[in-house]
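Remarks on the overall topology
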Amino acid sequence: EPEVTQTPSHQVTQMGQEVILRCVPISNHLYFYWYRQILGQKVEFLVSFYNNEISEKSEIFDDQFSVERPDGSNFTLKIRSTKLEDSAMYFCARTDHPGLAGQETQYFGPGTRLLVL
Amino acid sequence: DAKTTQPPSMDCAEGRAANLPCNHSTISGNEYVYWYRQIHSQGPQYIIHGLKNNETNEMASLIITEDRKSSTLILPHATLRDTAVYYCIAQGGGADGLTFGKGTHLIIQP
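Residues numbered from 1 in each chain as written. Chains lettered and ligands numbered in written order. Predicted model: local features only at pLDDT ≥ 70, side-chain atom pairs only at ≥ 80, totals over all residues. Heavy atoms only, no water.

The next point concerns the overall build of chain B. On a plain count of helices and strands, chain B comes out with zero helices and nine strands. Tracing chain B from N to C terminus, the helices and strands come up as β-β-β-β-β-β-β-β-β. Against the 2.2 N^0.38 benchmark of 13 Å for 110 residues, chain B shows a C-alpha radius of gyration of 13 Å, consistent with a compact globule. Each principal axis of the C-alpha distribution contributes one length, and for chain B these read about 40 × 30 × 25 Å. Expressed as a percentage of the 110 residues in chain B, the buried residues total 47%. Considering only contacts within chain B whose residues lie at least 6 apart along the sequence, 56% involve residues at least 24 apart. (Helix = DSSP H or I, 4+ residues; strand = E, 2+ residues; numbered from the N terminus. Rg over C-alpha atoms; globule rule 2.2 N^0.38 Å. Buried < 20%, exposed > 50% of the residue type's maximum accessible area, 1.4 Å probe, protein only. Contact = heavy atoms within 4.5 Å.)

Shown next, in the form of structure tokens:
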């Protein structure tokens, strides 16, 4: 099963700046997730997105974050005003059969390493 | 989703079978047991999943106890490239975000 690809692989930004992370589906996937992993910590769920709408979001996903599919293909995570603690790996994942028991396998991209200075 | 418990770390000799345990005593009837692994800082990689029957694929085997309160992931012939953090996750029907624990850091020794 092909995963998704993510761009950029690395991003360095100044505190307070906006960043956009992109998830590029291999084919016409509709159901996506964003996760983050702060260095040395657990992988944490941020948000799921289905058919151009947020399906579920965690407490971490506050007003600073937004997701959209601006051109019908790429799936983006925007962080409006970055903080030092936003430095982390950000992973995009997809699933092919959301809601079908036993078929919700998630396939992850390689991640974007974000460093906020 | 049910909470899972895994040992923080394990060692295994290269070429031997690696057996990674997972406890999920509160698993509900509709929750599957999924295993993922993360090599260094790469994205988590799906390995295998099952409900109550034992499962095998090209990567691993999954043994689930009859009461479904625990399971074991088996890598039959571990290689150095299998060194990674292995996560056991109980996931019910739905498309919820995954809840990752700390997993088991498996170190394959040459």
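Alright, that's what it looks like, and here's the rest.
Moving on, we get to the interface of chain B and chain A. Contact with chain B, which involves 22 residues of that partner, is made by 23 residues of chain A. Summing both sides of the interface, chain B and chain A together bury roughly 1700 Å²; the carbon and sulfur share of this comes to 53%. Here chain B and chain A share five residue pairs in polar contact (both at pLDDT 80 or more) between them. Of all the secondary structure elements, the ones that give two or more residues to the side of chain B that touches chain A are β3 (32-38), β4 (45-50) and β8 (84-91) of chain B. Per element, the largest residue contribution to the side of chain B that touches chain A is four residues, and it comes from β3(B). In terms of residue class, the side of chain B that touches chain A is made up of nine nonpolar, 11 polar and two charged. (Buried area = accessible area lost by both parts, 1.4 Å probe. Polar contact = N/O pair within 3.5 Å; in protein donor to acceptor, adjacent residues only side chain to side chain. Nonpolar A, V, L, I, M, F, W, Y, C, P; charged D, E, K, R; others polar.)

Here the focus is the environment of Val12(A). Mapped onto the secondary structure, Val12(A) falls in strand β2 (residues 10-13). The spacing of Val12(A) and Val43(A) is 31 residues in sequence and 21 Å in space, taken between C-alpha atoms.

Attention shifts here to the state of the cysteines. If you walk through the whole model with that rule in mind, you get two disulfides over all chains. Disulfide pairing places Cys23(A) opposite Cys92(A) at an S-S distance of 1.9 Å. One disulfide, between Cys23(A) and Cys92(A), carries an S-S torsion of -65° and so falls in the left-handed class. Highlighted residues: Cys23(A) in strand β3 (residues 19-24) and Cys92(A) in strand β9 (residues 88-95), separated in sequence by 69 residues. Grouping residues by exposure puts Cys23(A) and Cys92(A) together as buried. Covalent S-S linkage joins Cys22(B) and Cys88(B), the inter-sulfur distance amounting to 2.1 Å. Given an S-S torsion of about -80°, the disulfide between Cys22(B) and Cys88(B) has left-handed geometry. Of this pair, Cys22(B) sits in strand β2 (residues 18-23) while Cys88(B) sits in strand β8, placing them 66 residues apart in sequence. On the basis of relative accessibility, which here comes to 1%, the residue Cys22(B) falls in the buried class. In this model Cys12(B) remains outside any disulfide bridge; the closest cysteine sulfur is found in Cys22(B), 18 Å from its own. We classify Cys12(B) as buried; its relative accessible area is 9%. (Disulfide = S-S within 2.5 Å.)

Residues and elements named next belong to chain A. The four strands lie next to each other as β1-β3-β8-β7, forming an open sheet whose pairing is antiparallel. Unpaired on one side and paired on the other, β1 (5-7) and β7 (65-68) mark the two borders of the sheet. Pairs of neighbouring strands in the sheet enclose a mean axial angle of 20°, with direction left out of account. Across five bridges, β3 lies against strand β8 (residues 75-79) in antiparallel orientation. Residue pairing across strands places arginine 22 opposite threonine 76, the latter belonging to β8. (Pairing = 2+ DSSP bridges. Axes fitted to C-alpha atoms, helices over the stretch in contact; angles between N-to-C directions.)

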